[in-house]
Amino acid sequence: MAGRWGYSPAPESTEIASVRDTYGLFIGGEFVEPLSGDYLKTINPATEEVLSAIPIAGDQDIDRAVEAARKAFAKWSKLHPSQRAKYMFRIARVIQERSRELAVLESMNGGKPIKESRDVDVPLVAAHFFYHAGWADKLQYAFPGHEAKPLGVAGQVIPWNFPLLMLAWKIAPALATGNTVVLKPAETTPLTALTFAEICLQVGLPPGVVNIVTGAGPTGAALVRHPGIDKVAFTGSTEVGKEIQKTIAGTSKKLTLELGGKAANVIFDDAPLDQAVEGIVNGIFFNQGHVCCAGSRLLVQESVAARLVDKLKRRLSTLRLGDPLDKNTDIGAINSRDQLEKIRRLVGIGVEEGAELYQAECDIPDRGFWFPPTVFTGVSQSHRIAQEEIFGPVLSVMTFRTPDEAVEKANNTPYGLSAGVWTEKGSRILWMADRLRAGVVWANTFNRFDPGSPFGGYKESGFGREGGRHGLESYVSLEPSR
Amino acid sequence: MATVEALPLEIVDRIGGAVDQVGAEERAASLSRRSIKKDSKLWALDLAIRCCDLTTLEGSDSPGKVRQLASKAIRPAPGDPSIPHVAALCVYPNLVPTAVEALRGSGVKVASVATGFPSGQMPLELRLAEIERAIDAGADEIDIVISRGLFLAGDERAVFEEVASSKRAAGEAHVKAILEIGELGSYDRIRRAALVAMAAGADTIKTSTGKVSPASTLPAALVMAEAIRDFEEYGGRAVGLKVAGGIRTAKDAIRYLVIVHETLGDDWLSPDRFRIGASSLLNDLLMQIDFQRNGFYSDPDRYTLD
């Protein structure tokens, strides 16, 4: 006689993470009140509870931050590279020491499951600082025959899906190459960035090397257009990316953009299906699908489509949606009400367009922002849900018959950030990787990241690379060695 | 147990399928990080006892040893009636009569290894005769080994025929086919061997004899569970899973239960469809149950060593 086994709640304790009632802007090595006098409330998207009041940096605050960064640049860029490495290694180690606290904060403020912030986000953050600390005194080997000079002050604007990880992707290469930064975290997820500011103080990083200004869209816009900025790095929506390009056109500011995506995850009939199902789940439901490189379009060879979709639906029923701080939660909260509404709107469009909707049965908590794992079958290339980035736990399934058709459909998108290929045939993986117009092509896996591996897009997914030697290039000007 | 007809070997090709090693190991590792606490842990510990095949397979096994273990199988915690009996006592064929005698009326099944355990390197007639001997002596369940040599040499048909013959020889008894995953070399072969054994009529597929290293592993159990799931879909028959070898702690046992739960579903969370072959595991399960109930660990000598 079989029984029903429900896992008891296993919440991670929040005691380790102290959230202050109010924060300051981190400028010139101290927390200061905003000259604007304005604050916004940051909440826990799983409960809608207010966590803290966060300053909104105005134009004058941006002036102060850029000035502090400029002042710090003079010394920081002349510091012996091994000294820069020393600070960065310290940062990496403190991130490891405070990893549980950072993971809890990330899940409280952003809604992502603790198992992801604990096992993916925070370890990768530390890895990024370790990796780039290693480069700081070896730049001549990154660019043989050249001298790599820092650009100056970098203005960096990051999104809410991987708050601390995107901070690391931005700050680590900038610091390693001798730049100073003014970083604006996303409106909805400022807490780990502000804790990172505390870490900068803890490791004795010289004042002004890292400045963190919080706020919403207008704060980011003010930072990007500030004349004292030499380099703009942005991760976020394609729409905002285009605005930024317009804003800085005609200036000497260097720019890297990491924007949206609509990645194809291509499953051939010889693929290991059970592992492919895991890859699909990881591709689209990881971080509630709030991933720019999410595998949101599933392209399945028609001969195995029915079987694969059956397996996928069955797997969906085992996904556990709920409290992000529960160690067994697979699907956390949607990051914000706005994002939830966007997902609902696009899913509604998918239904109207005639695609077949499948959602796993799951209990949705009464409060907070939630969306069940969703799969659309019978999707055509011409459907909006196959074209537009949904940025939620919503998968569009399409079929193909031949490898050529798979490539054609995979590339038939304005984006080009990532792609996945699932097949047991090694030669076909290489054949596909040659033809897919995407910055990253994963073979028999999905959503794998490493600081040594460059990440970035084609077409409307942006330009420039982050990570690896290529990522350093965005933060230096190269002059032939004397 | 109802007699099961073998399906044609062709079903193995029809189900087919490949396994990606990296992906399977990652999935198993991710499931092993499930956090099982409080009531759900107590429930799992109780289930693990009910699914336990308490095992002794040593050259030194004697009637005395088997009688002691039988007593443990019936009452793992004497004096605590809330603790259930285990599923079966697993012994060598020679000791089946002793086990039958000692377990009579208890509800604990008698399982016997057979077919030249653990290597299976014995003429087929002798292996089948061994099954018949064990059945005649009263065994309810037979743990057979597949011929890994034949399988690795590529003769799936011969393996299929042997398992089918063993199943026939066992009559009404429940047949568990041991794949000995430690000798198969890849997850693809583990999947394939699992499908062949199931097609041939095995009621349960089992990871290992416990005599070869590695014995049972989480990814191998996952791959076998996935094969069971596919086989049910294609063949319409629910096959059981037994993990055995090296499972010594309650934590390990719960990890296997999570894999079964999330791969095959609640229907497999029962001794009819899931078994753990072990000897020292039982006391750790008892100790952890007491810890859950009392909030502290008891002296290890409060748990009987049989």
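Our structure's up above, just so we're on the same page.
Because the structure is a prediction, the values reported are computed rather than measured.

1. Observations regarding the overall build of chain B
When you go through chain B residue by residue, the secondary structure sums to twelve helices and eight strands. In terms of overall dimensions, chain B is globule-like: its C-alpha atoms have a radius of gyration of 18 Å, near the 19 Å expected for 306 residues. Each principal axis of the C-alpha distribution contributes one length, and for chain B these read about 55 × 45 × 30 Å. For chain B, with 306 residues in total, the buried portion stands at 60%. Taken as a whole, chain B presents about 11800 Å² of accessible surface, with 49% of it coming from carbon and sulfur. In chain B, which carries 36 positive and 43 negative side-chain charges, the distance between the mean positions of the two groups comes to 4 Å.

2. Regarding the overall build of chain A
Helix and strand counts for chain A come out as 16 helices and 19 strands. Classification of the 482 residues of chain A by burial places 62% in the buried group. Counting contacts in chain A only where the partners sit at least 6 residues apart, residues at least 24 apart contribute 75% of the total. Only carbon and sulfur atoms are counted for the fraction: they give 50% of the accessible area of chain A, which is about 17900 Å². Taking the average place of the 53 positive charges on the side chains of chain A and the average place of its 55 negative ones, the gap between the two points comes to 5 Å.

3. Brief notes about the side chain of Lys-170 of chain A
Residue and element names in this part refer to chain A. One can find Lys-170 in helix α6 (residues 163-176). With a relative accessible area of 1%, Lys-170 lands in the buried category. Beyond its immediate sequence surroundings of up to four residues, Lys-170 is in contact with Gln-156, Val-157, Ile-158, Leu-183, Ala-233, Phe-234, Thr-235, Glu-466 and Tyr-475.

4. Thoughts on the packing of helix α2 (residues 21-31) of chain B against helix α10 (residues 218-235) of chain B
Residue and element names in this part refer to chain B. Packing of α2 against α10 brings their axes to within 8 Å, and their N-to-C directions diverge by 105°. By the angle class used here, α2 and α10 are roughly perpendicular. For the pair α2 and α10, the contacting residues are Ala-24, Glu-25, Arg-27, Ala-28 and Leu-31 in the first and Leu-218, Pro-219, Leu-222 and Val-223 in the second. Classifying every residue of the contact of α2 with α10 by side-chain character gives seven nonpolar, no polar and two charged.

5. Focus: the pattern of salt bridges
Residues and elements named next belong to chain A. In this structure the tally under the stated criterion is 55 salt bridges over all chains. Between Lys-149 and Glu-479 there is a salt bridge, and its shortest N-O distance comes to 3.4 Å. With Lys-149 in strand β5 (residues 146-150) and Glu-479 in strand β19 (residues 476-480), this residue pair connects regions lying 330 residues apart in the sequence. In this structure Lys-149 comes out as partly exposed when scored by relative accessible area, which is 31%. Classification of Glu-479 by relative accessible area gives partly exposed; the value is 34%. Measuring nitrogen to oxygen at the nearest pair gives 2.6 Å for the salt bridge that ties Glu-466 to Lys-170. Of this pair, Glu-466 sits in the loop between β18 (462-463) and α16 (468-473) while Lys-170 sits in helix α6, placing them 296 residues apart in sequence. Classification of Glu-466 by relative accessible area gives buried; the value is 10%.

Thresholds, definitions, all that
Residues numbered from 1 in each chain as written. Chains lettered and ligands numbered in written order. Predicted model: local features only at pLDDT ≥ 70, side-chain atom pairs only at ≥ 80, totals over all residues. Heavy atoms only, no water. Helix = DSSP H or I, 4+ residues; strand = E, 2+ residues; numbered from the N terminus. Rg over C-alpha atoms; globule rule 2.2 N^0.38 Å. Buried < 20%, exposed > 50% of the residue type's maximum accessible area, 1.4 Å probe, protein only. Areas by Shrake-Rupley, 256 points an atom, 1.4 Å probe, with all protein chains shown as cover. Lys, Arg positive; Asp, Glu negative; His and termini not counted. Charge placed at Lys NZ, Arg CZ, Asp CG, Glu CD. Contact = heavy atoms within 4.5 Å. Axes fitted to C-alpha atoms, helices over the stretch in contact; angles between N-to-C directions. Parallel < 35°, antiparallel > 145°, perpendicular 65-115°, else oblique. Nonpolar A, V, L, I, M, F, W, Y, C, P; charged D, E, K, R; others polar. Salt bridge = Lys/Arg side-chain N within 4 Å of Asp/Glu carboxyl O.

Any functional reading would require information beyond the geometric quantities listed.
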